Every structure is written in structure tokens, then in C-alpha cells.
Protein chains: 2
Amino acid sequence: MKSAAGLLFSGIELDRDSATPLYRQLYLQIRKQILTGRLQGGIRLPSTRTLSQELNLSRITLLNAFDQLIAEGFLVSRTGAGTFVGDEWERSANPDKTPPAPPRLSDLSQSMLSLRSHHFRGVSYSHYSPETPTSFLPSHGAFEAFPQHIWKRLVTRHVQKPSKALLGYGELQGLEDLRQAIAEYVFDARGIDCTAQQVVIVSGAQQAFNLLAMLLLNPDDAMWMEDPGHIAARIAFQAHGCRVVPVAIDAEGIDVHQGIEACADARLVFTTPSRQHPLGVTLSHSRRLALIDWAAANHSWIIEDDCDSELRYSGRQLPALYAMDQNDRVIYVGTFSKVLFPSLRLGYVILPQALVEPFCTIRAVLDRSPPTLLQAVTADFMREGHFIGHIRRMRALYQARQQCLVEVLERHLGGFFRISPVEAGMHLIAWLPEQINDQDLARELAGRGVHTYALSDYSLQHALPPALLIGFAGTPQEQAETKVMALVQALRAMGHAV
Amino acid sequence: MKSAAGLLFSGIELDRDSATPLYRQLYLQIRKQILTGRLQGGIRLPSTRTLSQELNLSRITLLNAFDQLIAEGFLVSRTGAGTFVGDEWERSANPDKTPPAPPRLSDLSQSMLSLRSHHFRGVSYSHYSPETPTSFLPSHGAFEAFPQHIWKRLVTRHVQKPSKALLGYGELQGLEDLRQAIAEYVFDARGIDCTAQQVVIVSGAQQAFNLLAMLLLNPDDAMWMEDPGHIAARIAFQAHGCRVVPVAIDAEGIDVHQGIEACADARLVFTTPSRQHPLGVTLSHSRRLALIDWAAANHSWIIEDDCDSELRYSGRQLPALYAMDQNDRVIYVGTFSKVLFPSLRLGYVILPQALVEPFCTIRAVLDRSPPTLLQAVTADFMREGHFIGHIRRMRALYQARQQCLVEVLERHLGGFFRISPVEAGMHLIAWLPEQINDQDLARELAGRGVHTYALSDYSLQHALPPALLIGFAGTPQEQAETKVMALVQALRAMGHAV
């Protein structure tokens, strides 16, 4: 076994060019050796003279480090006998410890890991990294078109001086100014007549789905989920232990009749009426009435994920289900991720009055209200008219981008894909020949730097033909040709005759 | 029954001074009448001539509103016959509907509502409102001393121009710059040797506790909880269905021996070693070793909530449990709410390597990473040395505030309270005469505008005498006398001889 001195010297590396003073480097490294059990309690350290020579340090540097280590109990100085590692650090280091067993996780955690690997076979979280090329990923918008100069002005307005209102724990429901602005906006845009008191700010739609699962469903409760449908929402409900009943989508949206046949007394339905996610169809008026009537008769809840209602390019915009419901069955979920930007992490829930207090109670257990600064800035952005203006510009921009991308895709890949443009949203559906496995295709394309999603990833019963989701919102017209050619090249390299 | 015209006119109120054009007001109000079933499908509207006279509107205004309503299907124009409410809106309104039954909530939601009302009898969420006087509430700091000018400069730096990195979906684990800065900080300040890869950014410690409950515990798993202890953390574990085993606190911190006697194979312990919450004692060195050894032998997890380690005024600062553990049993939770400000909503978790991927999977289901802007600003604030400087200033400020408040309290209320100053944190404990119910006292004081917390609210087994938690961090020296006198007056008005 090495001597204490040998151990000490071999472990210490001082960087004389570092901004950290030498005494502090020495302090940190000796402390680490003691904490990790490399220097054992009771061991005597070499004299400061020896250390000073071996480490090429002044005695004052050594003494500075030792003083701090002694003050904190790592070292003990015994008059006449020298300096020792504190007795309380005396314990067996386990140098030969057996390789650690895999960590014990909850059943929930295990099942989420497997859900994730099942549903996102082709998708890794690293796709969310800013370094990854966006390619045709849906839900990536025209970040470059965001009116950052206005945003900056509003941010600056709110960071002028410290105040308790801005810095302290915010209102649990969310900033009142923002809730008021949202209530006004949804009245105008979605026909929803609610008060600010019924609006709760959340950190995005996904948080809302989790909170609503906790609020409304017991484990094993049955719920209808659109099939194909929102993957992350579905995993949230599955993680909560709910029994997911897949309900098919046709040209009119979710097939209410089929849902009733499959499970008439489901306690909840998750639906995307404005623009079905991911297929893009609009829930018809008669289906809306059927859904509302079923929920009323059955005392079931409707979660209306109103995603992309702002980004409608053609077809008739219907008012929100929430606006049509007279029986307090609908909970409305909106997000700013698409129309402003994702890293803002702001969304909102509009609740029937009776659910506000229970929802806020669960919210307080899970998390607090999002950062006040960003809520205040968003409220001003809405109140001063920038929000409506921005939506209008994005709608025109994305419509033009879709039109261009459809044209270029049809020109180069019309014989391979069958492209369906969408009335709303940020991606189109490219239907593939029946024999192709869309998940394999998406994964292989991703390996070649071309990112799309496979429709099958959104499906439970796989009743539909294979298809890719191709985002258009992040593809400016002048890049369409280049990006589509990259896709063509990748497909050719994979052996497809395109 | 009223005629359609009567209904229509009686429901419409136009504001000629509003910024909203009259045609839009009319459109919104007719739409609302149709959506709410007040104007039934199939009903014929009065002629535009009649409407124009009755509402005192120009025909062009009326036609503008009607055009939009017709385009959206709310009205139908039949040549020669007039304008009708669209047939698809024909359905029974339910004017005599029975009063709604209470909403069906999950069992979890019901039990959270009752947990909340039990544990926060004296506390309402409105206390978090910016308008409420802080009084002596713990965890309210010196917001006025926050270096807002530096913060503003760093914020401005990051909102200069739009970029995908800033606006898009951020890194799931949190911004790498911030994770790196945290890894460096905890190495220096807490003796923790970890990589940025082991750090995950969360939206505050409370979110971390929920994620860790989901990650590590099955419903019905037993866990040790400090008693008295962290209320919101306990409710998070209880909400998850865990069996909470209370473990007493003595002068050395959590009583590990008693925990082993009560439940030797608990799967997890939640502890606050740096500054026990709420009593303020520091976990002794020998107890730390005992806790680590128990966890290693039993393959149990330790959640180390390192709250207020930065705010230590006296006594010896021990390194984090995480730094002493050689067996990957400890998960470290830190927050910026206390040392920066609560509405920043940023905290962090440091995990053993094997838990990083499972933790991030659950995190992706529950929520995404907090807003990138605030992570980037916090990273710069740390990297440029402002963080350490701010902590140092706050420590001096709070120490002086505590000293002053203790002195004033002892002068005026020394015969009523027994005050224990604390070595760390933001509140002191005022021990009450045995016969007083601290929850009643805190509630009555709050009714008189003097806000404190009752120690009993933090207790499961109520083994300790009654006491109030009195925050000192938010009380500048020059306000101490006035605030204490308000407390004295309130106590006198309640009949206490002080």
C-alpha cells in the first residue's frame, strides 16, 4: 500500500494558469480525496515542509488550504504530532465493491421506458437539441420570422427593477393579466365565453394533459383516444394507468359511433377537433354534437386539445367544442408553443367553474405557475395586438410554404408518395406504397440526415396505410428544392426507384 | 315565448365607444346567442331593414356581420325567404336543466383536496398573491436586494435576435451551459464531483420531488419522511400513493436509528441534511454515515433536498451527502428559488449515472425543460461570478436581519415566545407555551394581517411543543420594530398577556 504522502501527491494536479488560486485548488483536491475515501480518517499528512517541496508550493499557500480544511473538520491538527485526516472520515472505502446492480425503479418508470422505446423507435430526444438539422420535422416553425424586436422591448420593460410581484412566488393560477388576455382572445377567436377565473396557465399542453389525467381519471378508468393520435398525450394517460380505448378517425374526425360501440361508458375522451393530430381533418359539426351529447348523457369529460386552430389555411373554422357545450363537460387546452415559440413553455387550460379549485390543488402539488416574467411579456404581447398580427403573418407564411413544398414534392416524388395538403397545422401527410414500413423508412431516412415522422408511430391499431409526416412550416420556399432533393437522394440510396 | 326578433334585440348591447368595430360586436353577440342555444336553428331573423332601425345600425354594418356569420355557417340565406339560423344549430337548449351534480374527480384528486385542507388549514393559496403583505412568512427573501441591473443586462444579451437554439424545443435535460455551471458550482460549494451529464434542470424542487416519486416508488412503497418536515414534498409522495413513515428529528437531525426500528426496509428517505426543514438543525456527521450505510445495505434511495445550504450563518458546513456516498444511493436536489428568486422557476437534480436516462424519460412525459432564455441567463449569471457574489451578500444581509429580529422579538415577546435563532435558512422558530394551539394562533394572526406558519402544520405525529415559524429574510432592520409591534398588538387583541 502506498504511503499517505504518495497517495496525496499522486492525486494532486495543480494548474498554475488557472483563475482558481492555488490554495483553493489544493483545498478542493484534498477534500475530494478525503470524501472519496482515498485518504482515510486518522492518516497523518506529510509535514508542510515536505509538501511544500514536493508540490512546489509556498508554505503560505499550504497553510491557507490547511486552515480551511481544519475549520471544516476534514483535517485535525494535533500539537507536536502533526496534521491528520479527521477521525470522523475513518470508514472502510470499498475498493473491491461488486459491480452495482441495476437501479430499482418504480413499475411506472419501467413501463414508461418501454412505452417510449416502443413508440419512439425512430426518434431520439437528441432531436430536440438545437444542433440537429430540423429537416422536415413537424412542429418546427419559422423561428426566424418571430418578431424578436417587439419581444425584446416587452422583456426589457419588465426587467427594469426588482419587485416582489415579478420575483416572488406568482399567482398559483397564473398571472391575472395573461389570463384576462387569453379570455378575451378565445372569445374572439374561438367563441369561448369564459372569465379569467376559469383560465389556468400551465407550462405547455403536455403538463396540462398530465394534470388532467391526475384530476379526472383513476387508474384503470377507460378513456377514448384518437387513433392515430397525439403520442405524448397518450403516453401521459397510459403512464397514469388509464385504459386507452382507440377510436378511429375518418374524414369527419373521431368516429363517435365506433367509440360508443367499443366502450360506451368511457370516462373521458381526448380529442383534437380543430385539426386532428396527426391526420389534419376537422371534426364535423354533427360529430361535435354527437360527442357533446354522449358526454352529457354519460357524465364523461372531453379534453379538447385545440392545437393549431390558429394555423388554418382553408376550410371552415368551427367554434371550439367548449363554446358549443352547455353541460360543463369540456376542458379546453391551448398552447403558445406553435404560434409563439416552444421554449416559452406556456400553455393554458380553460375549465368549467367546478374544476378550477381541484385543478389548482393538483397543480400546487406538482409544480407552481410558470415564470412570471414570461407570463407578463406574453400578456403585453397579446394586449397590444402583436399576437393577432403575428398569427396572421405566420398563417400567410406557412400557407405559402405548404403550397411550395407540395408542388416540389409532387414534381419529384409524385410517383412514390401520395401527398395530402392540410387545411390547418404545420405538416402534410405523404402516403406511401402499401408494402413499405413507414417506421423503418423514417428511421433509415433519419440515419441519412433527413428527419420525418412515421404515421405508424401515432397509431394503436394500425388501420391506416403507411405514411410519413412531413413538416412544411420550417421550410422556406427557397430551400424546398434543396431539401426535397436531399430526400430524393436518400430514397435512391436506400434502393427506392424514385 | 318571445319572438326571434325580441330575443335578438334583448340580448344585444352595442358599445359605440369601444375600439371593437360595431359589425364585429354584432357578429360576436349573435354567434354567442346561437352557440348558447338562445337563438335556435331554423329561426328566421328579422329583415335587415327592421334590424337596422331597431339597433340603430347602418345596413352595411349589418351586412358585414351577416356575411361573416353566413361564411361560418351560423346563418343561412335563402333567396326570397330571408336569413335563418343554420339548421345544424337546431337542438334542444336545456333551459330547465337540473342543477349540475358535483364533478366526478379521480380518487387522487379527492384525497389531495382533503390533504390540502388538512395540512394548510391556516394557509390559502392567495398568500402567494403579490398583493398580500408578506409579514413574517418564511421563504420570502429580500427581493429588493436582487441585482436586477445585472440580470437585465444578461437578459438583454439573450433576446437580441431570434434563433432556433433560443426559441425551439430546448435540450430535454436542460441547457448544457447551465448544467456545466451547476456542476462546477456544486463541486466548489458542496464537494460534489459530477459531470454536467448527471445534472437535469427542473422547474423547481417541487417538480423534482414529483418526478422522483414517479421514478423510484410504487404506490404503497414505504418511505421515511422527516417529522416535522417538508409539507409540499410529503404531499407529493402521499399523492403518489406512498406509505409515509414519520421519522423524528433531534439535535443531530433525522433519527436514523428510530427510522430503522420503525421500517428497516423503507425504499427511500427524504431528508434535508444541510438545514433541516423546518427546524433548522444540521444533520451530524455520524448520522450522515449511518444514513448512507443503511441505504447501501438496503438498496434504498436517499433524496437529499439541499435547501438553504447557501444561507448558512454559523456552525460548520458539511459537504453534501451526495459527496460522501460511494454507492450511488443519493439523489441531490437544489433550487434557485431561495438564492435567486422564486418566480425564476429553476431547480436541478443531480443523479447517479444509471438514473439519468429513466429520469429524463419520465420528465419528457410530464413536461419539457424550462424556458431556455431563463436557463441561459442563469448560466451566465453563474459563470460570470455574480451568483457567488450575490449569495455572499445575501448571507450577510440575512444574518444581520436575523440578529436584529431576534433582539426585537426577545425585547417585546421574550416572556411569551422562546426564540431559537437558526444556523442557516430564512426563518426562526418561536416556541410557544404548551397550552397554545399553534395552528389556531397562526390562523387568528393571519386574520389580523400578521402572517406566520404553525410548526404543527409540518408535523405528522405532533411530538414537539407548539411553535411559530417566523421568517426574518424579508424584514429589513428598520422595519423590525414596527412589524414586531404589529404582532404584539395582534396578540394583545386576541387576549394574550404580552
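Every chain begins its residue count from 1, and numbering advances along the sequence as written. All chains are assigned letters beginning with A, and all ligands numbers beginning with 1, in the order in which they are written. Thresholds applied to this predicted model are a pLDDT of at least 70 for local features of residues and 80 or more for the giving and counting of side-chain atom pairs; totals over whole chains, interfaces and linings are not thresholded and use all residues. With hydrogens and water excluded, all non-hydrogen atoms of the structure serve as input to the side-chain values.

Caption draft 1: Seen up close, the overall build of chain A. The number of helices and strands found in chain A is 18 helices and 14 strands. Rg of the C-alpha trace for chain A: 30 Å, well past the compact-globule value of 23 Å for 498 residues, more than 25% over. Counting every position in chain A, which comprises 498 residues, the buried fraction comes to 62%. Any two residues whose heavy atoms approach within 4.5 Å at even a single point are treated as in contact. Within chain A, counting contacts between residues at least 6 apart in sequence, those at least 24 apart form 72% of the total. Using a 1.4 Å probe, accessible areas were evaluated by the Shrake-Rupley method; residue-level cover was limited to the displayed protein chains. Working note: accessible area of chain A is about 18700 Å², and carbon and sulfur atoms make up 50% of it. Just so you know, the count uses Lys and Arg for positive and Asp and Glu for negative, and it drops His and the chain ends. Throughout, a charge is located at the NZ atom of Lys, the CZ atom of Arg, the CG atom of Asp or the CD atom of Glu. Counting 46 positive and 50 negative side-chain charges, chain A places the centres of these two groups 8 Å from one another. Strands are runs of DSSP state E lasting at least two residues, helices are runs of H or I lasting at least four, and both sets are numbered from the N terminus onward. Radius of gyration: C-alpha atoms only; globule rule: 2.2 Å multiplied by the number of residues to the exponent 0.38. Note on classification: 1.4 Å probe, protein chains only; a residue is buried when its accessible area is under 20% of the maximum for its type, exposed when over 50%, partly exposed between these limits.

Caption draft 2: Layout of the interface of chain A and chain B. Opposite the 110 residues of chain A that make contact, chain B presents 109 residues. Put simply, buried area is how much 1.4 Å-probe accessible surface two parts lose in total, over both of them, once they are put together. Between chain A and chain B lies a buried interface of about 10200 Å² when both sides are counted; carbon and sulfur atoms form 58% of it. Here, a salt bridge means any Lys or Arg side-chain nitrogen found within 4 Å of an Asp or Glu carboxyl oxygen. On the surface where chain A and chain B come into contact, there are 4 salt bridges. Between A:K32 and B:D193 there is a salt bridge whose closest N-O contact spans 2.6 Å. Any pair of N or O atoms that falls within 3.5 Å is considered a polar contact. Within protein, one atom must be able to donate a hydrogen and the other to accept it, and sequence-neighbouring residues count only if both atoms are side-chain atoms. Along the contact surface separating chain A from chain B lie 35 residue pairs in polar contact (both at pLDDT 80 or more). Top contributing element to the side of chain A that touches chain B by residue count: helix α14 (residues 353–366) of chain A, with 9 residues.

Caption draft 3: Layout of the environment of B:W431. Residue and element names in this part refer to chain B. Along the chain, W431 turns up in strand β12 (residues 427–431). By relative accessible area, which is 14% here, W431 ends up buried. Sequence separation between W431 and D17 is 414 residues, and the spatial gap between their C-alpha atoms is 61 Å. Residue contacts for W431: discarding those within four places in its chain leaves L279, F416, F417, R418, S420, L455, L464, P465, P466 and A467. In terms of polar contacts, W431 uses its side chain to reach the side chain of S420, at 3.1 Å.

Caption draft 4: How the structure looks around helix α2 (residues 22–35) of chain A. Residue and element names in this part refer to chain A. With 14 residues, α2 extends 20 Å between its outermost C-alpha atoms, agreeing within 8% with the 20 Å of an ideal straight helix rising 1.5 Å per residue. Extensive coverage of α2 is indicated by the burial of 11 of its 14 residues. Of the residues making up α2, those classed as buried are R24, Q25, L26, Y27, L28, Q29, I30, R31, Q33, I34 and L35. Directly after α2, the chain includes G37, whose backbone phi takes a positive value near 80°. Any helix carries an expected span of 1.5 Å times its number of residues minus one.

Caption draft 5: Broad picture of the packing of aromatic side chains. All names here are of chain A. Whether two aromatic rings pair depends on their centres lying within 6.5 Å, for rings of Phe, Tyr and Trp, where Trp uses its six-membered ring; planes under 30 degrees apart make the pair stacked, over 60 edge-to-face, and the rest tilted. Per the counting criterion, the structure on display carries 30 aromatic pairs over all chains. On the numbers, 3.9 Å between centres and 15° between planes, the contact of W224 with W294 is stacked. Linking W224 in strand β4 (residues 222–227) with W294 in helix α12 (residues 285–298), this pair joins segments that are 70 residues apart in sequence. W294 matches W224 in its accessibility class, with the two residues each being buried.

Caption draft 6: Geometry of the relation of the copies chain A and chain B. Least-squares superposition of the copies uses the C-alpha atoms of those residues scoring a pLDDT of at least 70 in each of them. With an RMSD of 0.1 Å, the fit of chain A onto chain B corresponds to turning through 180° and sliding 0.0 Å along the axis. On the angle and the small slide along the axis, the relation comes out as a two-fold axis. Taking the C-alpha atom as reference, chain A places A:T156 closest to the rotation axis, 3.5 Å from it. Both copies share a contact surface, since 99% of the interface residues of chain A are interface residues in chain B too.

Caption draft 7: Spatial organisation of the packing of helix α3 (residues 48–55) of chain A against helix α4 (residues 59–71) of chain A. Residues and elements named next belong to chain A. Only the stretch in contact is used when fitting a helix axis, every axis being a line fitted to C-alpha atoms; angles between N-to-C directions are given from 0 to 180 degrees. Packing of α3 against α4 brings their axes to within 9 Å, and their N-to-C directions diverge by 115°. When you trace α3 past α4, the crossing you get is right-handed. Mapping the contact onto sequence places T48, L51 and S52 in α3 and R59, L62, L63 and F66 in α4. Here the contact of α3 with α4 is built from residues that sort into 4 nonpolar, 2 polar and 1 charged. By definition, any crossing whose near helix is turned counterclockwise from its far helix by less than a right angle is left-handed, and any crossing with a clockwise turn is right-handed. Under the scheme applied here, ten amino acids are nonpolar (Ala, Val, Leu, Ile, Met, Phe, Trp, Tyr, Cys and Pro), four are charged (Asp, Glu, Lys and Arg), and all others, including Gly, are polar.

Caption draft 8: Expanded view of unusual backbone geometry. Note that the residue after A:D227, namely A:P228, is joined by a cis bond; omega there is 5°. Its location among the elements puts A:P228 in the loop between β4 and α10 (231–239). One non-glycine residue, A:R345, lies in the positive phi region at around 55°. Tracing the backbone shows A:R345 in the loop between β9 (330–335) and β10 (347–350). Judged by its relative accessible area of 7%, A:R345 is buried. With phi around 55°, B:N56 is a residue other than glycine that occupies positive phi space. Examined against the element boundaries, B:N56 turns out to sit in the loop between α3 (48–55) and α4 (59–71).

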